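The lines below spell out each chain.
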Amino acid sequence: MNALPPFLSQETLTAYRRLFHRHAETGMAEFWTTARIAEELETFGLSPVVGEQVSAPQARMGVPEDDTLLAARRRAEEEGASQQWLERMNGVTGVVADLRPDLPLHTVLRFDIDAVDVTESCEDSHRPRKEGFASLHEGVSHACGHDGHIAIGLGLAHALAPLRDGLKHNVRLLFQPGEEGCRGAQAMAAAGWIEGARHVLAAHIGMRADEDHALVCGAQGFLATTKFDVTFRGRAAHAGAEPHRGANSLLAAASAALNMHALPRHGEGDSRVTVGRLEAGSGRNTIPALARMACETRGATSAVNDYMFEHCRAILEHTAAMYEQACHIRIMGGSKSADSDESMRHIVREAARLVPWFRPELIRDSAPGFGSDDACVYMDAVQHQGGDAAYLMLGSRLAAGHHAPDFDFHESVLPPSVELLTHIILALDER
C-alpha cells in the first residue's frame, strides 16, 4: 500500500459535524442528512446506494407515520436537500457506499446518523448555542454524538477513496438510520449488506471513554433488547351512571405495567423491563376506553431478553382478557447482545500506536457496553459467519451525559478517529 494521502483537516471535519448538528433529524426520517451524505460521498468518487435497496421493507421497525415522513421530507426540501437524492430515496433513509464493489466483501463499518428526541439547551454556556450551530428543529438534537460519527464516516471515505486501487478486498460503509430505539440495523442486515463480511466495526464518541485522548478498543456486554408499543382498547361509559358498562383501559394498562415490573429476574444474567410511558383516558367522568404504553425489555444475552419479552407478552394478553380489552403489541425496535472479539481489540490497539493523539496510558482493551446498540445486530451476524467484530469508544470529555439537553463533545477527537479507522482497515485488508 502506498503512503496515506492527507486526511481531512480539523477545520473541515468540524464543519461537517456542525452542519449535521444544525440539521438534526429523528430516526428513520433523516432525509436532509441522507441526501447530504450521499452528495459528499459522490464527490469522493464513490457510488452511494440509497432508497429501498438500503433497508429490507419487511424488516423495518419503528418507522414514523406517513404524514410525519412527508413533513420531514418537505422540511428537507425547504432546507436545500438535493431533489435528485430525495427522489432516489423514495421515503427510505440511510446510505451504503462500497470502496471496491468489484472485490469480495471484507470489512463493514457502521456510522449512525439519527438524532434524539431531546430539546437542545438554550443556555448561552452551551457551545452549539454560543457558536451558532444549535439544532434548527425544536425537540430534536444531536445529543448523542452521531453528528460526529457522520463526520468521521465522511472523513474515512475521503481518506480511503484514493487508496481504492491498492485494496485487496471491498470495504463497505453503512450510514445507518434509526439507531436510537434500535430500529435501523435489522432492516439493513436483512437487505444483505453484511453477508460475506469477515469484519465489522462500529464506534461511538464518549460513552466509557470520557476523557480526551482515551480509547476503548472493544466494548463488552451490550444488552439485547426489544422495544414495543402496546395499545389497549376497551369500552367507554359514564363513570357515575353506568360504570358497569365500561371496560377500563387505564386500569388494564396500569395492572400490566405493575405485573411486568414484578417479573422475576433471570438467573443467567442481567434482565430488565421498563414501561417508559403510559397514556390513557379522556376525562374525569368517563371510563377510559384507550390506553397506550411504550415499553422495553433488555437482557445480558438474547435468550435472557427473549425470556423477559415473552413473559411481558403473556402478562399483556392475560391482562387484556381479564379487563375485556383488545390488545395490540407492535415491535418498534430490537437488537442482539454482543461482545468485541479479542483479535479485533488487538488490531485496534496496534493501530492506535500509529496515532499519537491517543495516549497509551488512556487506552483500554475493553470496557462495559453502554446499554444497547443495534450495531450488535451486525456484530452478531458477522461472528456467526466466522468473522470478528469490535465496538470502539473514542475518547472525549463531555459537557454532559449522552441524551442530555446540554450534551457536547470535543471536536478534537474527529481527525485522530479518522486516522485510527484508516489504519485499522488497512491492517485488516492485509490479513
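Below is a summary of the structure that appears in this document.

Scoring rules and cut-offs
- Residue positions within a chain follow its written sequence, with the count starting from 1.
- Two thresholds apply to this predicted model, a pLDDT of at least 70 for residue-level local features and 80 or more for giving and counting side-chain atom pairs, whereas whole-chain, interface and lining totals are computed over all residues.
- With hydrogens and water excluded, all non-hydrogen atoms of the structure serve as input to the side-chain values.
- Buried, partly exposed and exposed residues are distinguished by accessible area as a fraction of the type maximum, computed with a 1.4 Å probe on protein chains only: under 20%, between the cut-offs, and over 50%, respectively.
- Strands are runs of DSSP state E lasting at least 2 residues, helices are runs of H or I lasting at least 4, and numbering of each runs from the N terminus.
- Here, any two strands with at least 2 DSSP bridges between them count as paired.
- Where helices are involved, their axes are fitted lines through C-alpha atoms of the stretch in contact, as for all axes, and angles between N-to-C directions lie from 0 to 180°.
- A contact between two residues is defined here by any heavy atoms of the two lying within 4.5 Å.
- Here a helix's expected span is defined as the number of its residues, less one, multiplied by 1.5 Å.
- Working definition: the arc comes from the directions between the helix axis and the C-beta atoms, pointing outward to the latter.

Bringing helix α11 (residues 375-384) into the picture now. Each full turn of the α-helix corresponds to 3.6 residues, which orients residues three or four apart in the same direction. Buried residues dominate α11, accounting for seven of its 10 residues. Within the span of α11, buried status applies to Ala375, Cys376, Val377, Tyr378, Met379, Asp380 and Val382.

It is worth spelling out the sheet that holds strand β8 (residues 271-280) at this point. Pairing is antiparallel in the open sheet, where four strands are placed in the order β8-β9-β7-β10. Because the sheet does not close on itself, it has two edges, and the strands there are β8 and β10 (326-335). Recorded for the sheet is a direction-independent mean angle of 15 degrees between the axes of neighbouring strands. Pairing between strand β7 (residues 224-233) and strand β9 (residues 290-299): 10 bridges, direction antiparallel. Bridging across to β9, Thr225 finds its partner in Arg298. This element, helix α8 (residues 249-261), spans β7, β8 and β9 of the sheet and lies at about 165 degrees to β8.

Once that is clear, we can look at the pairing of strand β1 (residues 95-98). Neither face of β1 is exposed, since Val95 and Ala97 on one face and Val96 and Asp98 on the opposite face are all buried. Bridging between β1 and strand β3 (residues 170-176) involves four bridges; their strand directions are antiparallel. Bridge pairing links Ala97 to Leu173 in β3.

Right, let's talk about the sheet that holds strand β2 (residues 105-112) for a bit. Spatial ordering of the open sheet is given by β1-β3-β2-β4-β13-β5-β11, a layout of seven strands whose pairing is mixed. The open sheet is flanked by β1 and β11 (363-364), the only strands paired with a single partner. Two strands pair when backbone bridges link them, and β2 and strand β4 (residues 199-205) are joined in this way by four bridges, in the parallel orientation. Looking at β4, one finds that Arg110 is bridged to Ala202. Running over the sheet, helix α10 (residues 342-352) touches β4, β5 (215-216), β11 and β13 (388-394) and is turned about 45 degrees from β13. This element, α11, spans β2, β3, β4 and β13 of the sheet and lies at about 150 degrees to β13.

Further remarks concern helix α3 (residues 66-78). Under the 1.5 Å per step criterion, the end-to-end length of α3 is 18 Å for 13 residues, consistent within 8% with the ideal 18 Å. Along α3, the residues classified as buried are Leu69, Ala72, Arg73 and Ala76. The buried residues of α3 occupy an angular sector of 100 degrees when the element is viewed end-on, so they sit on one face. Facing away from the buried surface of α3 by more than 90 degrees, the exposed residues are Asp67 and Glu78. Residues of α3 that are buried make contact with α2 (31-43) and α4 (83-89). One or two residues past the end of α3 sits Gly80, with phi positive at roughly 95 degrees.

A negative phi angle characterises most non-glycine residues, just as the trans form characterises most peptide bonds. In this structure, Met207 is a non-glycine residue whose phi angle is positive, near 55 degrees. Tracing the backbone shows Met207 in the loop between β4 and β5. Even without being glycine, Glu324 reaches a positive phi, approximately 55 degrees. Note on placement: Glu324 falls in the loop between α9 (302-322) and β10.

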